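Report on the structure
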Amino acid sequence: MRTAWRVAAALVAGLLIAAAAFVGWQSWQTARQVAAFARAHKAYEFPPYLQILGATQDTVTYRDPDGGAPLPDYMALHTSVGGWAETTSPVGADPVQRTIERQAAPPSLAAGQEAWGDVTYFYADPRQGLGLPYTDVDYGAAEAWLVPGQQGNPTWMIFVHGLGGVRAEGLRALSVANAQGCTSLLISYQNDQGSDAGNGYVQFGADEWHDLEQAVRYALGHGAQNVVLVGNSHGGAVTLGFLVNSRLVDKVSSAFLDDPVTDFDALLAQTTNRNRPS
């Protein structure tokens, strides 16, 4: 009897040790995944995933071998050889034909090239993408593009890009703001290239909002009387951090958030739930 109890106790102890080891391994895996996700990237670089089958001056035909989701109506095709074409009006599913609105950067699209879709749409910077003059400025936390508006218009638009993004994400918003005569400031912020601030990990707006506050202060110091904020993805979280914490919030008349990060628990679950046993 005693031998049976000893065997049972040993089995229970073994199971407890194994369970503790598994929980420890899972915790380590979760921490590793969260750290990898939160690590700030200077700029994401994706491998090309579209195969161009043919192109004319006005249209391009391509296919996605992986069968990904359809691309939006307004989408740039950026090729692995450096070409950039602004395209619209997709027709078909596999292959897809799109209208080329502008070949923004050479070489022209051609059969055999590989490419990927870019929702930035407009090319490179305000001058090359939209024909707008701009100035590189240091607003206090990092660099920014300053695009002048209509003289006498006191409204400034400040754009905050997403995680691993670049200022060029804001060119679409800039096209609208400039048409309304607004001065625009498209900012980089901590952990971006050109900024020495940050510890290499994103804070989901908990710390980055200080940079946005400096941008608002810069705008106010250069003639702004009314500030409009536009935040994309993680930039939306940065904008929300500013709206909740900054003493300058009363200087902001409105904020536009495009797919903002607002539910960190859901984001964490989505990030860490991969390959986890049920």
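Let me begin by describing the structure that accompanies this report.

Thresholds applied
- Residues numbered from 1 in each chain as written.
- Predicted model: local features only at pLDDT ≥ 70, side-chain atom pairs only at ≥ 80, totals over all residues.
- Heavy atoms only, no water.
- Helix = DSSP H or I, 4+ residues; strand = E, 2+ residues; numbered from the N terminus.
- Buried < 20%, exposed > 50% of the residue type's maximum accessible area, 1.4 Å probe, protein only.
- Core = buried A, V, L, I, M, F, W, Y, C linked by side-chain atoms within 4.5 Å.
- Contact = heavy atoms within 4.5 Å.
- 1 Å grid on protein atoms, 1.4 Å probe; cavity = no way out; pocket = protein on both sides within 12 Å on 5 of 7 lines; lining within 4 Å.
- Points joined across faces, edges and corners; volume = space filled by probe spheres on them.
- Nonpolar A, V, L, I, M, F, W, Y, C, P; charged D, E, K, R; others polar.
- Expected span 1.5 Å × (residues − 1).
- Pairing = 2+ DSSP bridges.
- Right-handed = clockwise from strand over helix to strand, strands pointing away.
- Phe/Tyr/Trp six-rings, centres within 6.5 Å; stacked < 30°, edge-to-face > 60°.

1. Some remarks on unusual backbone geometry
Residue Pro95 is bonded to the preceding Asp94 through a cis peptide linkage, with omega at 10 degrees. Although it is not a glycine, Ser89 adopts a positive phi angle of roughly 50 degrees. Relative to the assigned elements, Ser89 resides in strand β4 (residues 84-91). With a relative accessible area of 41%, Ser89 lands in the partly exposed category. Positive phi, close to 50 degrees, is recorded for Asp259, a residue that is not glycine. Within the fold, Asp259 resides in the loop between β12 (252-258) and α6 (264-272).

2. Considering the nonpolar core
Ranked by size, the top nonpolar core spans 25 residues in total, and within it Tyr139, Ile158, Leu185, Ile187 and Leu212 carry the most contacts. It is helix α4 (residues 209-221) that provides the largest number of residues to this core, a total of 6 residues. Sequence-distant contacts of Leu185, that is, excluding residues within four places in its chain, are made with Val137, Ala144, Trp145, Leu146, Met157, Ile158, Phe159, Ala215 and Tyr218. Formed by 15 residues, the second largest nonpolar core is a distinct cluster that contains Leu132, Tyr134, Phe159 and Val230.

3. Considerations on the environment of Ala224
Secondary-structure assignment places Ala224 in the loop between α4 and β11 (226-232). Judged by relative accessible area, which is 7%, Ala224 ranks as buried. Residues Ala224 and Met157, 67 residues apart in the sequence, show an inter-C-alpha distance of 9.5 Å. Not counting residues up to four positions away in its chain, the partners in contact with Ala224 are Pro154, Trp156 and Ala219.

4. What to know about the layout of surface pockets
With a probe scaled to a water molecule rolled over the atoms, the places where space remains empty come into view. Taken as a whole, the second largest pocket encloses approximately 220 Å³ of empty space. Counted by class, the lining of the second largest pocket contains 9 nonpolar, 3 polar and 3 charged residues.

5. Here's the deal with α4
An ideal rise of 1.5 Å per residue puts 18 Å on 13 residues; α4 measures up with 18 Å between its terminal C-alpha atoms. Of all the positions in α4, only Trp209, Asp211, Leu212, Glu213, Ala215, Val216, Tyr218 and Ala219 are classed as buried. Along its buried surface, α4 packs onto β7 (135-138), β8 (143-147), β9 (155-160), β10 (183-187), β11 and α5 (234-245). Immediately beyond the C-terminal end of α4, within one or two residues, lies Gly223, with a positive phi of roughly 105 degrees.

6. So, the pairing of β9
In terms of burial, β9 is a largely internal element, 6 of the 6 residues being buried. A two-sided burial pattern is seen for β9, the buried positions comprising Thr155, Met157 and Phe159 on one face and Trp156, Ile158 and Val160 on the other. Two elements, β9 and β10, share 5 bridges in a ladder whose sense is parallel. Looking at the pairing, Val160 lines up with Ile187 of β10. What joins β9 to β10 is helix α3 (residues 171-179), and the crossover it makes is right-handed.

7. Comments concerning the packing of aromatic side chains
In the structure shown here, the tally under the stated rule is 5 aromatic pairs. An angle of 55 degrees between the planes, with centres 5.5 Å apart, marks the rings of Trp84 and Tyr123 as tilted. With a gap of 39 residues between them, Trp84 in strand β4 and Tyr123 in the loop between β6 (114-118) and α2 (126-130) connect regions that are remote in the sequence. A ring pair is formed by Tyr121 and Phe122, whose centres lie 5.0 Å apart and whose planes are at 80 degrees; its orientation type is edge-to-face. Assigned by exposure class, Tyr121 and Phe122 land together as buried. What links up through ring pairs into an aromatic cluster is the set Tyr74, Tyr121 and Phe122.

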